[in-house]
Protein chains: 2
Amino acid sequence: MVNIKQIAKQAGVSVTTVSRVLNHHPYVSEDKRLRVQQVIEQNSYTPNSQAISLIRGKTRTVGLILPFSHHPYYHAIIAGVMEEAYQYGYHVLLCQTSYNPDQEREYLHMLSTRQVDGVISCSRVLPWAEFQSYSESGPIVVCEYTEESNLSAVYTDHYDAFCSGIQYLLDRGYTRIGYCVGRKTSASSQARFRAYQNTLHAAGLEVYSEWIFPDCIHMSDGEQIAKQIAEMDKPPSALIVTGDEAAAGVMLGARQYGLRIPDQLAIIGYDNQPISAGLQLTTIDQNLQEIGRQAFSLFYERSLDPTLTSAKRLIPYTLIERSSV
Amino acid sequence: MVNIKQIAKQAGVSVTTVSRVLNHHPYVSEDKRLRVQQVIEQNSYTPNSQAISLIRGKTRTVGLILPFSHHPYYHAIIAGVMEEAYQYGYHVLLCQTSYNPDQEREYLHMLSTRQVDGVISCSRVLPWAEFQSYSESGPIVVCEYTEESNLSAVYTDHYDAFCSGIQYLLDRGYTRIGYCVGRKTSASSQARFRAYQNTLHAAGLEVYSEWIFPDCIHMSDGEQIAKQIAEMDKPPSALIVTGDEAAAGVMLGARQYGLRIPDQLAIIGYDNQPISAGLQLTTIDQNLQEIGRQAFSLFYERSLDPTLTSAKRLIPYTLIERSSV
DNA sequence: GTGAAAGCGCTAACAC
DNA sequence: GTGTTAGCGCTTTCAC
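Rules used in this analysis
- Residues numbered from 1 in each chain as written.
- Chains lettered and ligands numbered in written order.
- Predicted model: local features only at pLDDT ≥ 70, side-chain atom pairs only at ≥ 80, totals over all residues.
- Heavy atoms only, no water.
- Near = heavy atom within 4 Å.
- Polar contact = N/O pair within 3.5 Å; in protein donor to acceptor, adjacent residues only side chain to side chain.
- Helix = DSSP H or I, 4+ residues; strand = E, 2+ residues; numbered from the N terminus.
- Least-squares fit on C-alpha atoms with pLDDT ≥ 70 in both.
- Contact = heavy atoms within 4.5 Å.
- Pairing = 2+ DSSP bridges.
- Buried area = accessible area lost by both parts, 1.4 Å probe.
- Salt bridge = Lys/Arg side-chain N within 4 Å of Asp/Glu carboxyl O.
- Nonpolar A, V, L, I, M, F, W, Y, C, P; charged D, E, K, R; others polar.
- 1 Å grid on protein atoms, 1.4 Å probe; cavity = no way out; pocket = protein on both sides within 12 Å on 5 of 7 lines; lining within 4 Å.
- Points joined across faces, edges and corners; volume = space filled by probe spheres on them.
- Patch = residues over 30% accessible without salt bridge, like charges linked within 9 Å, V, L, I, M, F, W, Y side chains within 5 Å.
- Areas by Shrake-Rupley, 256 points an atom, 1.4 Å probe, with all protein chains shown as cover.
- Buried < 20%, exposed > 50% of the residue type's maximum accessible area, 1.4 Å probe, protein only.

(A) Summary view of the protein's contact with DNA strand C. The local shell around DNA strand C holds 24 residues, among which Ile4, Tyr45 and Ile55 of chain A together with Thr17 and Ser29 of chain B are the closest. Close to the protein, within 4 Å, the atoms of DNA strand C belong to sugar or phosphate groups at a rate of 63%. One nitrogen or oxygen atom from the main chain of serine 29 of chain B is found 2.5 Å from a phosphate oxygen belonging to DNA strand C. Among the secondary structure elements, those contributing two or more residues to the surface near DNA strand C are α2 (15–22) and α4 (49–56) of chain A together with α2 (15–22) and α4 (49–56) of chain B.

The structure is reproduced here in structure tokens:
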């Protein structure tokens, strides 16, 4: 592997001059510049970016932390982050945690080791305090709501979005409303539960815990839930499913187990994924790709100017009306 | 940012000793080892991995080059690569090309700049010669068939897989067989065309070019094709669609435009994605996740032992029978 | 057992 | 305009 010293020698100049040519500095005579460029060409020399990162203290890389990579939810965010990162010439390092706190810590740790300039987290399992402590080493952006200072956040108002979904169903005369979420313990699931309680109480309706289905993430989960509903004595007549893939599973399961949609079961999905368009699924678009884009730009701004304080960005959602309600 | 020198000073030892402790070398007295570890703890010091990479000449990172990141095909490969990389403590750098040759070249270039130890490519647009030239800087694995020396390859026998799909349809009495592919110019599409021609000719059937649909990648493409088929005077009675999402689009479109499946249109998908299970779609599983896993391990082996010659790995496919045929 | 010192490949004062 | 030189943070001979 040829290095700058050899180039300098071969061109009969100092390494400084080579460095100047490389970095398009002024004050290099035209003939030397040409000579150096020629030698660089001949050797197809390219500077070692490790060395440059070491000096500059920057890697132009951001770590993207997510629990797993086989779900369209995360793909949408990845796509958004990548799109923006590409524009600014940044790289994205994928960091899969499988919800393992040690793994998550290790990735956060890359901030301290300067392997990445910053971190975007889509799946926090560690306590906020620990995130805070790492934030000294570089900008951290989380894709969920937080009050924590020092942490930038890009998030959907899950409470509000859920309320509007339920209200949409209430407005259309549905009173037996249930919902499906992923991990019950997540902050967004808790916000949704509050939204559910409050909106139903306000409408004078009772809350049935049997109509709340947790651990509904993949298509197969949705299918199982459709089966359960088909067998219930007192089934819900409408369902909000947080994730279009799972919602698609419910639709397909409903078909299998003889439930007509939307007559016997109305469904609202989440995320406006391609599959929802295909199935004519009414869905709440929380604009995941935009969340990814904004997350990157929040990281980017603080990376350029470390004096910047953390920012919080609320991303608006939209209810896309189709024919599953 | 505290460094090794400060730790050494604070512990009253040399940097060498600190380094030895860090790297679990023998020949460090127990008391010094403890003293150093304590100081490291106190300062929550972590070595700068840029510096280590610079010295070792290794980054423990592999670049994963793909055209775009919003398609389940690539997600399956990503998941496979990540799974294996995680096991060996490697990182994955996502490199999106959008089929742009300059972009692709730039990523290959990271090999020369030592930003990554190797590269896995899922989407070659540059000529083989250019890939070859970069292979001097580190192991390159491509996820397609190639004879090129120096390039490792993990691939499906697309010709064979397609033949078996067509034969499956022939065996069930279908004679009006068509197919959908993504980019017509890709090597796999060409192999499929040969498979199509040869298998049909062998069966004494004619090839209708109107039954070949290119640019069928997303769900919406599939829907459009279903529409076209519904409007054809002489429509195919069976279709192989290379990609389950697109195949799902065809199914949904068929439903919309009044084609019964499989009576009026039989469909075989590709990749055995979750959606195919949901829709009871018969599909050819080319085991994408395994392709990703093997691609990483091929990279890994050569990265450890650069004297190793390039390897080629054929990944077997499986036809998964469900009810769309 | 331990430390001094060279050096990985590069940039950026600082001199000339 | 150009070159010398001192690091960036670490590992690794090579003495002692």
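Now that the structure has been shown, we can carry on.
(B) Just the relation of the copies chain A and chain B, in detail. After a rotation of 180° and a shift along the axis of 0.0 Å, chain A superposes on chain B with an RMSD of 0.1 Å. Accordingly, the operation relating the two chain copies is best matched by a two-fold axis. When each C-alpha of chain A is compared by its distance to the rotation axis, leucine 93 of chain A comes out closest, at 2.3 Å. Mapped onto chain B, 98% of the interface residues of chain A are again interface residues, and the two copies thus contact each other with one and the same surface.

(C) Region of the structure containing the sheet that holds strand β8 (residues 238–241) of chain B. Residues and elements named next belong to chain B. Read across the open sheet, the six strands follow the order β7-β6-β8-β9-β10-β12; overall the sheet is mixed. Each edge of the open sheet is held by one strand with a lone partner, namely β7 (212–213) and β12 (318–320). One ladder, built from four bridges, connects strand β6 (residues 177–180) with β8; its direction is parallel. Looking at β8, one finds that tyrosine 179 is bridged to isoleucine 240.

(D) Representation of the protein's contact with DNA strand D in the model. As a structural note, the neighbourhood of DNA strand D is formed by 23 residues, with Thr16, Thr17 and Ser29 of chain A together with Ile4 and Tyr45 of chain B the closest of them. The share of sugar and phosphate among atoms of DNA strand D within 4 Å of the protein is 63%. Contact between DNA strand D and lysine 32 of chain A: a sugar or linking oxygen at 3.2 Å from a side-chain N or O atom of the residue. Between DNA strand D and asparagine 3 of chain B, the relevant distance is 3.5 Å, taken from a phosphate oxygen to a side-chain nitrogen or oxygen of the residue. Put simply, the parts of the chain that give the surface near DNA strand D at least two residues each are α2 and α4 of chain A together with α2 and α4 of chain B. Sort the elements by how many residues they give to the surface near DNA strand D and α4 of chain B lands first, with four residues.

(E) Looking closely at the interface of chain A and chain B. With 43 residues of chain A at the interface, the matching set in chain B holds 42 residues. Across the interface of chain A and chain B, roughly 3700 Å² is buried in total on both sides, 62% from carbon and sulfur atoms. A per-residue breakdown of the area chain A buries against chain B is headed by Gln50, His91 and Leu94 of chain A, which together make up 17% of the total. The tally of links between chain A and chain B comes to zero salt bridges. Connecting chain A to chain B are nine residue pairs in polar contact (both at pLDDT 80 or more). Counting only elements with at least two residues in the side of chain A that touches chain B, the list comes to α4, α5 (72–87), β2 (91–96), α6 (101–112), α10 (219–231), α11 (244–256) and α12 (274–278) of chain A. The element that contributes the greatest number of residues to the side of chain A that touches chain B is β2 of chain A, accounting for six residues. Among the residues making up the side of chain A that touches chain B, the classes are represented as 19 nonpolar, 20 polar and four charged. Relative to strand β2 (residues 91–96) of chain B, β2 of chain A runs antiparallel, the two sharing three bridges.

(F) Unusual backbone geometry, seen in detail. All names here are of chain A. Residue isoleucine 261 is joined to proline 262 through a cis peptide bond whose omega torsion reads 5°. Here proline 262 lies in the loop between α11 and β9 (266–270). Even without being glycine, aspartate 271 reaches a positive phi, approximately 100°. Positionally, aspartate 271 belongs in the loop between β9 and α12.

(G) The layout of surface pockets, seen in detail. Volume-wise, the largest pocket comes out at about 1700 Å³. Taken together, 48 residues make up the lining of the largest pocket; nearest its centre are Thr113 of chain A together with Thr46, Pro47, Ser49 and Ile52 of chain B. Sorting the residues of the lining of the largest pocket by element identifies α6 and α7 (128–134) of chain A together with α2, α3 (30–42), α4, α5 (72–87) and α13 (288–304) of chain B as the ones contributing at least two each. Class assignment of the residues belonging to the lining of the largest pocket gives a composition of 18 nonpolar, 22 polar and eight charged.

(H) Representation of a nonpolar patch on the surface. On the surface, Leu54 and Ile55 of chain A together with Leu54 and Ile55 of chain B cluster together to form a nonpolar patch covering roughly 430 Å² of accessible area. Among the secondary structure elements, those contributing two or more residues to the nonpolar patch are α4 of chain A together with α4 of chain B. Structurally, leucine 54 of chain A is set in helix α4.

(I) Representation of the pattern of salt bridges in the model. Across all of its chains, the model carries 16 salt bridges over all chains by this definition. Measuring nitrogen to oxygen at the nearest pair gives 3.8 Å for the salt bridge that ties glutamate 321 of chain B to arginine 172 of chain B. Remark: arginine 172 of chain B occurs in the loop between α8 (158–171) and β6 and glutamate 321 of chain B occurs in the segment after β12; sequence separation between them is 149 residues. Aspartate 263 of chain B is paired through a salt bridge with arginine 260 of chain B; the nearest N and O atoms lie 3.2 Å apart. With relative accessibility at 56%, the residue aspartate 263 of chain B sits in the exposed group. Among the charged side chains, a salt-bridge network with shared partners connects Glu83, Glu290 and Arg293 of chain A.

(J) Looking closely at the pairing of strand β10 (residues 282–285) of chain B. All names here are of chain B. Of the two faces of β10, the one carrying Thr282 and Ile284 and the one carrying Thr283 and Asp285 are both buried. Here three bridges tie strand β9 (residues 266–270) to β10, and the two strands are oriented parallel to one another. Its bridge partner lying in β10, isoleucine 268 is registered against threonine 282. Taken together, the three bridges between β10 and β12 define a ladder with antiparallel strand orientation. Within β12, the residue paired with isoleucine 284 across the bridge is leucine 319.

(K) Geometry of empty space enclosed by the protein. On inspection of all chains with the given rule, the structure shows two cavities of 30 Å³ or more. The computed volume of the largest cavity comes to approximately 50 Å³. What lines the largest cavity is Leu94, Gln96 and Tyr107 of chain A together with Met82, Ala85, Tyr86, Tyr90, His91 and Val92 of chain B. Where the lining of the largest cavity is concerned, the elements lending two or more residues are β2 of chain A together with α5 and β2 of chain B. Broken down by element, the residue count for the lining of the largest cavity peaks at three residues, all from α5 of chain B.

The values reported here are purely geometric and, on their own, carry no functional implication.
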